[in-house]
Amino acid sequence: MPGIEPLKPEQLHTPCDRSLFEFETTDSVPLDAQVFGQARAVDAVRFGMGIDAPGYNLFILGPPGSNRHGIVRSLLEPDAADRPSAADWCYVNNFAEPTRPQAIRLPSGMGARLRADMQQFASELGQAITTAFESEEHRGRVESVQEEYKEREETSLQGLGAEAAGLNVAFMRTPRGFVFLPMKNNETLDEKGYAELSEAEQEQIGKAIEQLREKLRRILHELPRLHREQNNRLREISRETMTLAVGHLIEELKERYAGEPDALSFFDAVLADVVETGEALREQATSPDTPGLPVESAISTLRYQVNVLVEHPPGSSAPIVFEDNPTHPNLVGRIDHMTQMGTLVTNFTMIRAGALHRANGGYLLLDADKMLVQPYAWEGLKRSLKSARIKMESLAQAFGWSSALPLEPEPIPLSVKVVLFGQRLHYYLLKSYDPEFEELFKIAADFENEVARSPENTLQFARMTAMLAHEQTLRPFHRDAVARLEEHSARLAGDAGRLSTRTREIADLMREADHIASTASRAVVGRADVDAALSGRIHRADRLRDSMHEAVLRETVLISTSGMHCGQINGLAVIDLGDFVFARPARITATARLGTGDVIDIERKAELGGSIHSKGVMILSAYLASRYAREIPQSLSASLVFEQSYGPVEGDSASLAELCALLSALAGVPIRQSLAVTGSVNQHGTVQAIGAPNEKIEGFYDVCVARGLTGDQGVIIPCSNVKHLMLRNEIIDSVAQGRFHVYAVDCVDQAIELLTGIPAGTPGPDGCYPADTLNGRVEACLVRFSRLRQSYSASSRNTAGEPSGGPDSQVS
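## Some remarks on the overall build of the chain
When its secondary structure is counted, the chain shows 27 helices and 30 strands. A compact globule built from 812 residues would reach a C-alpha radius of gyration of about 28 Å, whereas the chain, at 48 Å, exceeds it by more than 25%. Across its three principal axes, the chain shows a C-alpha extent of roughly 170 × 85 × 50 Å. Counting contacts in the chain only where the partners sit at least 6 residues apart, residues at least 24 apart contribute 76% of the total. Here the chain has roughly 39600 Å² of accessible surface; of this, 50% comes from carbon and sulfur atoms. Charged side chains of the chain number 82 positive and 109 negative; the gap between the two group centres comes to 4 Å.

## Things to note about the pattern of salt bridges
Between side chains of opposite charge, pairing is possible as soon as their charged atoms come close. Under the criterion given, the structure shown has 44 salt bridges. Of the charged contacts in the structure, one is a salt bridge between Arg424 and Asp446, with a shortest N-O distance of 2.9 Å. Placement of the pair is Arg424 in helix 14 (residues 424-433) and Asp446 in strand 17 (residues 443-446), with a sequence separation of 22 residues. Under the relative-accessibility criterion, Arg424 is labelled partly exposed at 27%. One salt bridge connects Arg502 with Glu505, and the closest N-O pair in it is separated by 3.6 Å. Among the charged side chains, a network of salt bridges with common partners joins Arg491, Asp542, Arg545, Glu695, Glu698, Asp702, Arg728 and Glu730.

## Remarks on the sheet that holds strand 2 (residues 88-92)
Ordered in space as 3-2-7, the 3 strands form an open sheet in which the pairing is antiparallel. The open sheet has two edge strands, strand 3 (102-106) and strand 7 (306-310), and neither has a second partner. Pairs of neighbouring strands in the sheet enclose a mean axial angle of 30°, with direction left out of account. Sheet topology places strand 2 next to strand 3; 5 bridges connect them, and they run antiparallel. Paired with Trp89 across the bridge in strand 3 is Arg105. Against the sheet, helix 7 (residues 261-276) touches strand 2, strand 3 and strand 7, its axis set at about 135° to strand 3.

## Here's the deal with the pairing of strand 13 (residues 363-367)
Where burial is concerned, most of strand 13 is hidden: 5 out of the 5 residues are buried. Where strand 8 (residues 320-323) lies against strand 13, 4 bridges are found, and the strand directions are parallel. Opposite Val321, over in strand 13, you have Leu364 as the bridge partner. As paired elements, strand 13 and strand 16 (residues 417-422) share 5 bridges and run parallel to each other. Its bridge partner lying in strand 16, Leu365 is registered against Val419.

## Some thoughts on the environment of Pro101
Its location among the elements puts Pro101 in the loop between strand 2 and strand 3. Exposure remark for Pro101: the relative accessible area of 1% places this residue in the buried category. The contact partners of Pro101, leaving out residues within four places of it in the chain, are Tyr91, Val92, Asn94, Phe348, Ile351, Leu407, Glu408, Pro409 and Glu410.

## Brief notes about the sheet that holds strand 17
With parallel pairing, 5 strands are arranged side by side in an open sheet as 8-13-16-1-17. The open sheet has two free edges, formed respectively by strand 8 and strand 17, since each of these has just one partner strand. Averaged over all neighbouring strand pairs, the angle between strand axes comes to 20°, with direction disregarded.

## Thoughts on the nonpolar core
One broad trend across soluble globular proteins is that nonpolar side chains are buried collectively. Within the largest apolar cluster, 48 residues are counted, with the highest numbers of intra-cluster contacts made by Ile569, Leu656, Leu662, Leu663, Leu666 and Ile716. When contributions to this core are tallied by element, the ones reaching two or more residues are strand 22 (581-594), helix 22 (611-628), strand 24 (636-642), helix 23 (655-667), strand 26 (675-677), strand 30 (741-745), helix 26 (748-756) and helix 27 (774-799). Counting residues per element, this core draws most heavily on helix 23, at 9 residues. Among residues more than four places away in sequence, those in contact with Leu663 are Leu624, Tyr628, Val748, Ile752, Leu774 and Val778. Formed by 32 residues, the second largest nonpolar core is a distinct cluster that contains Val451, Ala469, Ala483 and Leu534.

## Describing the packing of aromatic side chains
The description of an aromatic ring pair uses the distance of the two centres, along with the angle that the planes make with each other. Under the defined criterion, the tally for this structure stands at 17 aromatic pairs. Aromatic rings pair up to connect Phe59, Trp378, Tyr427, Tyr428, Phe437 and Phe441 into one cluster. One cation-aromatic arrangement involves Arg113 over Tyr257; the distance from NZ or CZ to the ring centre is 5.1 Å. Its end group placed over the ring of Tyr56, Lys442 keeps NZ or CZ at 5.9 Å from the ring centre.

## Quick word on the side chain of Thr346
For Thr346, the location among the structural elements is in the loop between strand 11 (343-345) and strand 12 (351-352). Only 2.8 Å separates the side chain of Thr346 from the backbone oxygen of Asp336, close enough to count as a polar contact.

## Quick look at the packing of helix 3 (residues 110-133) against helix 7
Here helix 3 crosses helix 7 at 15°, and the two axes come no closer than 14 Å. In terms of orientation, helix 3 and helix 7 fall into the roughly parallel class. Here helix 3 and helix 7 pass one another in a crossing that is right-handed. When helix 3 is examined against helix 7, the residues Leu114, Met118, Phe121 and Leu125 are found in contact with a partner set consisting of Phe266, Phe267, Val270 and Val274.

## Here's the deal with the side chain of Arg537
For Arg537, the position within the fold is in helix 19 (residues 527-541). Discounting residues that sit within four places of it in the chain, Arg537 has contacts with His488, Glu505, Asp508, Leu509 and Glu512.

## Remarks on the packing of helix 16 (residues 455-471) against helix 18 (residues 503-519)
One way to put it is that helix 16 packs onto helix 18 with a least axis distance of 10 Å and a crossing angle of 55°. In terms of orientation, helix 16 and helix 18 fall into the oblique class. In this structure, helix 16 meets helix 18 at a crossing whose hand is right-handed. Contacts between helix 16 and helix 18 involve Phe461, Met464, Thr465, Leu468 and Ala469 from the first element and Thr503, Ile506, Ala507 and Met510 from the second. Residues that form the contact of helix 16 with helix 18 fall into these classes: 7 nonpolar, 2 polar and no charged.

## Looking at unusual backbone geometry
If you check the backbone angles, Asn67 has positive phi at about 60° while not being a glycine. Following the sequence through the fold, Asn67 ends up in the loop between strand 1 (58-61) and helix 2 (68-82). Look at Ser521: it is not a glycine, yet its phi comes out positive at around 60°. Turning to its location among the elements, Ser521 is positioned in the loop between helix 18 and helix 19. Classification of Ser521 by relative accessible area gives exposed; the value is 67%.

## A few points about a negative patch on the surface
A cluster of acidic residues, Glu124, Glu251, Glu252 and Glu255, forms a negative patch at the surface. Within the fold, Glu251 resides in helix 6 (residues 199-256).

## Observations concerning the confidence of the model for the chain
Looking at the chain as a whole, its pLDDT mean stands at 86, while 94% of the residues score no less than 70. Taken as a whole, residues 286-299 scores under 50 in pLDDT and shows 34 contacts with residues more than four places along the chain or in a different chain. Taken together, the stretch residues 803-812 has pLDDT below 50 and engages in 6 contacts with residues farther than four places along the chain or on a different chain.

## Some words on helix 20 (residues 543-553)
Each α-helix winds once per 3.6 residues, and so residues spaced three or four apart point in a common direction. All of the buried residues in helix 20 are Arg545, His549, Ala551 and Val552. Summarising the axial view, the buried residues of helix 20 lie within an arc of 155°, below the 170-degree limit, and thus occupy one face. Elements that come into contact with the buried residues of helix 20 comprise helix 19, strand 22 and helix 24 (693-707). Following helix 20 by one or two positions, Glu555 adopts a phi angle in the positive range, close to 60°.

## Re the environment of Val677
Examined against the element boundaries, Val677 turns out to sit in strand 26. In this structure Val677 touches Ile569, Asn570, Gly571, Leu572, Leu656, Ala657, Ile716 and Leu755, once residues within four positions along its chain are discounted.

## Some details on a nonpolar patch on the surface
Among the surface-exposed residues, Leu425, Leu429 and Tyr433 lie close enough to one another that they form a single nonpolar patch of about 380 Å² accessible area. Inspection of the secondary structure puts Leu425 in helix 14. The exposure class of Leu425 is exposed, given its relative accessible area of 58%.

Each value, and the rule that gives it
- Residues numbered from 1 in each chain as written.
- Predicted model: local features only at pLDDT ≥ 70, side-chain atom pairs only at ≥ 80, totals over all residues.
- Heavy atoms only, no water.
- Helix = DSSP H or I, 4+ residues; strand = E, 2+ residues; numbered from the N terminus.
- Rg over C-alpha atoms; globule rule 2.2 N^0.38 Å.
- Contact = heavy atoms within 4.5 Å.
- Areas by Shrake-Rupley, 256 points an atom, 1.4 Å probe, with all protein chains shown as cover.
- Lys, Arg positive; Asp, Glu negative; His and termini not counted.
- Charge placed at Lys NZ, Arg CZ, Asp CG, Glu CD.
- Salt bridge = Lys/Arg side-chain N within 4 Å of Asp/Glu carboxyl O.
- Buried < 20%, exposed > 50% of the residue type's maximum accessible area, 1.4 Å probe, protein only.
- Pairing = 2+ DSSP bridges.
- Axes fitted to C-alpha atoms, helices over the stretch in contact; angles between N-to-C directions.
- Core = buried A, V, L, I, M, F, W, Y, C linked by side-chain atoms within 4.5 Å.
- Phe/Tyr/Trp six-rings, centres within 6.5 Å; stacked < 30°, edge-to-face > 60°.
- Lys NZ or Arg CZ within 6 Å of the ring centre and 35° of its normal.
- Polar contact = N/O pair within 3.5 Å; in protein donor to acceptor, adjacent residues only side chain to side chain.
- Parallel < 35°, antiparallel > 145°, perpendicular 65-115°, else oblique.
- Left-handed = near helix turned anticlockwise from the far one by under 90°.
- Nonpolar A, V, L, I, M, F, W, Y, C, P; charged D, E, K, R; others polar.
- Patch = residues over 30% accessible without salt bridge, like charges linked within 9 Å, V, L, I, M, F, W, Y side chains within 5 Å.
- pLDDT = per-residue confidence, 0-100.
- Arc of directions from axis to C-beta.

If you want it as structure tokens, here you go:
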């Protein structure tokens, strides 16, 4: 097998092609609002915006930091500008059922006007009522009716008195009521005079008094009816007076809102209520209203106010609302209460709008992770979207936690397109476990994590940086600084042929570089400023990395970077702190002995190894059996462990290193400790790509630099990871000077040759490996283990008195 040459410096880093940039600074780059690298997602968003049908709401998938919110809003704003203005919605008193306030729909801008008009109406109402009731006309009509009924009453009583006089009976009114007294010669008789009358006269007078009393009872019985009739006529006069007093105010309002049927119906209801409650309103005309007075208590002009739930400026665009705290009340609205004499009271003026009300007729933007953790918010949103109306209901009342008299506002029709932002995990979990999700969110816009590093995308990246600099009022960026940002974007993508779409990361880096340039009083941000910003980020975040390196340098953690050792190898472990990712070397050791074919993963036995790591160990065990023990029982017992590892171990990127350590232990051949190894293997010994190759190479390089570069140190990586390399400049310089090396391998044999300096070997015509090769030594060891196992098995049977093949049988 030909020797493996280290990678050339140009293979370790793919610089940005500065020849693509025809500008000197970003000031001369035309501003372009085109979205960087998200053509698929943009098409999906536009498709969803164009369909006005139930259920075509959007779910935006993608990682945080990709500027999903800003991109979607930039796409929605032109569409919202072309849509008609959203309607104003108001709640008014329902005079027939005060606990069920009525909703009024008005064109944009008219809600506030109606509120002001009704406030003016309420302020003028008391004076209009007082003036009307104190007018001469009203008083004259009332007095006329009162005199008429008084005259009718007096006429009836006077007629009875005249009739009584004709019967020699006096009809008199006393403080205790009406009385009848006998009379003779037009003079009333006392008891003595009455006794002097003859019996015939007494009998005649008695019968006359009885008849008169009966007539008086009929007259008195008729008087309440007359009083009721009088009151009805007086009430009708009051209604007519109230109608005349208020009618012109209502008519003026009707003229102003002639084309709005909801408002006209409300004005009719107001007029009817004013007429019905005129006397009570007249009594309160000179007394101030009590704010917050419940509608069930005393009559107040508060009942004629308008609660403008949602208002929009006239001619405005369709609303785009982002609710950053999507609780149930913040979505569907709430009904406030106030304490009055120890009791919670409310009315229609305490109804408050939710995000659905404010976004009605436009777009509502929500974060899925925030909404899904709020109790009943997700259910409230789905119920509103399915029913196409917003029904306001207090959770306390729905679950019976409140004893206050509830309000049940009239539901408002809903026409809104919801845009839900979430990660892919949220989308697929909802799609799997919520049967209503697909019905309500039919459009998914999946934002890319990265895009191809093509000339077109590189130019688009440059235009994006120019736009970010303009939006954030930063200094202009030199073309070399833009090139450095583009290279960092490739590093973020973990691929020299890709660019990351994490716009927020680039924007933050630009701000930090601008600050450094400002501190140095430079008018243009240069490449050195971007490098300084990146170095500052690492310096602020690498305390843990420095601590780990110090532990290695002080030999608290044992890592060798020189010499040879059997069954011991340097692996590489990645640590992700969220805002900082780095790698450190980790010693992996292997031991081998006679056994039953088991390869023991000590990490798994200690419950520190993850399932993927255990899978990698199983694969290398299968590789050993298929390559070296096809025709004999695998008779080794091996163990693998990450030394001085006290936390979880996951991933299969160490399987190549573990396999090489195990081959070294079986062959008895030492391994170069100046090399670190990363890569996974399959059952055929092919080396496969792993994650974070840049961080792993840099992690071992930093330890070697601290101990001193010898020219023999380096890292072995899979060939399939070469295209991902975007290493630091200092590593490239060291490789160019021959002080550090990076090797790329395709198979286990290439890696073991680099590590041991011994040829791996290929099978001969008999299928066996040459004895002087590493594979030949491994094969010989496994054959020896197999024979020893067979020998021990035979000895065990003989000891137990079992036949072992005859007295002449022996192990060959």
